[in-house]
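# Close look at the chain arrangement
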Amino acid sequence: MQFFGGSEISPSPPAPTASGNNAHMMYVFNRNGVCLLYREWNRPLHTLNAQQDHKLMFGLLFSLKSLTAKMDPTNADKGNLGVPQLPGQGCSFHSFRTNTYKLSFMEIPSGIKIILVAHPRTGDLRESLKYIYNLYVEYVVKNPLYTPGTPIKCELFNTTLDQYVRGLG
């Protein structure tokens, strides 16, 4: 199966983007802001409880999407800041970097948002996010036991995801 013009899932995932850098955490949200999946691999400090963390991350994404749409130099109709846009509308962002982490983001037309937080020296993760989305489709969406909109509890998906993400570093 092929998505985003990439190759089949099994043969070869995208090559790791930076040697020795690990992903810290990953979120998958649905269009309503419900966190369907949260995974940690290398998160050194926990400052919030899980629910606060998920709300903060979704709020950050919502605000950044609104800001980039408002700042879009190609669109004369800016609308109101904070008004949600349909996936694919307006200007978009794919990552930002601080001195301690890099956040990479991909939104699917269905409203699914995949966020991967990694070491700040990590390169472009767009191909890796596409690969993770393809894993999501293969192991979660096509799973007859999965109910859309519920937390992802597919062991095969989690195992494959862990194996792939650990290979990024």
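Rules of the game
- Residues numbered from 1 in each chain as written.
- Predicted model: local features only at pLDDT ≥ 70, side-chain atom pairs only at ≥ 80, totals over all residues.
- Heavy atoms only, no water.
- Core = buried A, V, L, I, M, F, W, Y, C linked by side-chain atoms within 4.5 Å.
- Buried < 20%, exposed > 50% of the residue type's maximum accessible area, 1.4 Å probe, protein only.
- Helix = DSSP H or I, 4+ residues; strand = E, 2+ residues; numbered from the N terminus.
- Contact = heavy atoms within 4.5 Å.
- Phe/Tyr/Trp six-rings, centres within 6.5 Å; stacked < 30°, edge-to-face > 60°.
- Salt bridge = Lys/Arg side-chain N within 4 Å of Asp/Glu carboxyl O.
- Polar contact = N/O pair within 3.5 Å; in protein donor to acceptor, adjacent residues only side chain to side chain.
- Pairing = 2+ DSSP bridges.
- Axes fitted to C-alpha atoms, helices over the stretch in contact; angles between N-to-C directions.

The next thing to look at is the nonpolar core. Ranked by internal contacts, the top residues of the largest apolar core, which has 29 residues, are M26, I114, L116, I152 and F157. For this core, the secondary-structure elements that each account for two or more residues are β1 (23-29), β2 (35-40), β5 (113-118), α2 (126-141) and α3 (155-167). Counting residues per element, this core draws most heavily on α2, which supplies eight residues. Residues within four places of F157 in sequence aside, it is in contact with L37, I132, L135, Y136, Y139, V140 and I152. One finds M57, L103, F105 and V117 within the second-largest nonpolar core, a separate group that totals twelve residues.

Attention now moves to the packing of aromatic side chains. To describe a pair of aromatic rings, you give the distance between the ring centres and the angle between the ring planes. In the structure shown here, the tally under the stated rule is six aromatic pairs. The interplanar angle of 70° and the centroid separation of 6.0 Å between the aromatic rings of F96 and Y101 together place this pair among those described as edge-to-face. Its relative accessible area of 22% is what places F96 among the partly exposed residues. The class for Y101 is partly exposed, based on a relative accessible area of 27%. When the centroid spacing of 4.6 Å and the interplanar angle of 45° are considered together, the rings of Y131 and Y164 count as tilted.

The next point concerns the pattern of salt bridges. Any two side chains of opposite charge can pair, given that their charged atoms come close. One pass over the structure, following the stated rule, counts six salt bridges. Between R126 and D124 there is a salt bridge, with the nearest N and O atoms lying 2.9 Å from each other. Between K130 and E127 there is a salt bridge, and its shortest N-O distance comes to 3.4 Å. Of the two residues, K130 and E127 both sit in helix α2, three residues apart, roughly one turn of that helix. Sharing partners across several salt bridges, the network here consists of K65, E107 and K113.

Here K113 shows up in strand β5. Taking the relative accessible area as the measure of exposure, K113 reaches 6% and is therefore buried. Polar side-chain contacts of K113 include one of 3.0 Å to the backbone oxygen of G111.

It is worth spelling out the sheet that holds strand β3 (residues 95-97) at this point. The sheet built from five strands is open, its strands ordered β2-β1-β5-β4-β3 with antiparallel pairing. The sheet is open, and its two edges are formed by β2 and β3, each paired on a single side. Going across the sheet, the axis of each strand differs from the next one's by a mean of 10°, ignoring polarity. With five bridges joining them, β1 and β2 adopt antiparallel strand pairing. Residue Y27 lies in a different strand from β2, and its bridge partner there is Y38. Sheet contacts for helix α1 (residues 50-70): β1, β2, β3, β4 (102-107) and β5; angle to β1, the most-contacted strand, approximately 75°. Relative to β2, α3 is tilted by about 45°, and along the sheet it contacts β1 and β2.

This next bit is on the side chain of T122. Secondary-structure assignment places T122 in the loop between β5 and α2. Given a relative accessible area of 5%, T122 falls into the buried group. A distance of 2.8 Å separates a polar atom in the side chain of T122 from the backbone oxygen of H119.

Buried residues dominate β5, accounting for six of its six residues. One ladder, built from six bridges, connects β1 with β5; its direction is antiparallel. In the strand pairing of β5, F29 is matched with K113. Here β4 hands over to β5 after five residues, with G111 in that stretch at a positive phi of 100°.

Any link to function would need more than the numbers given here.
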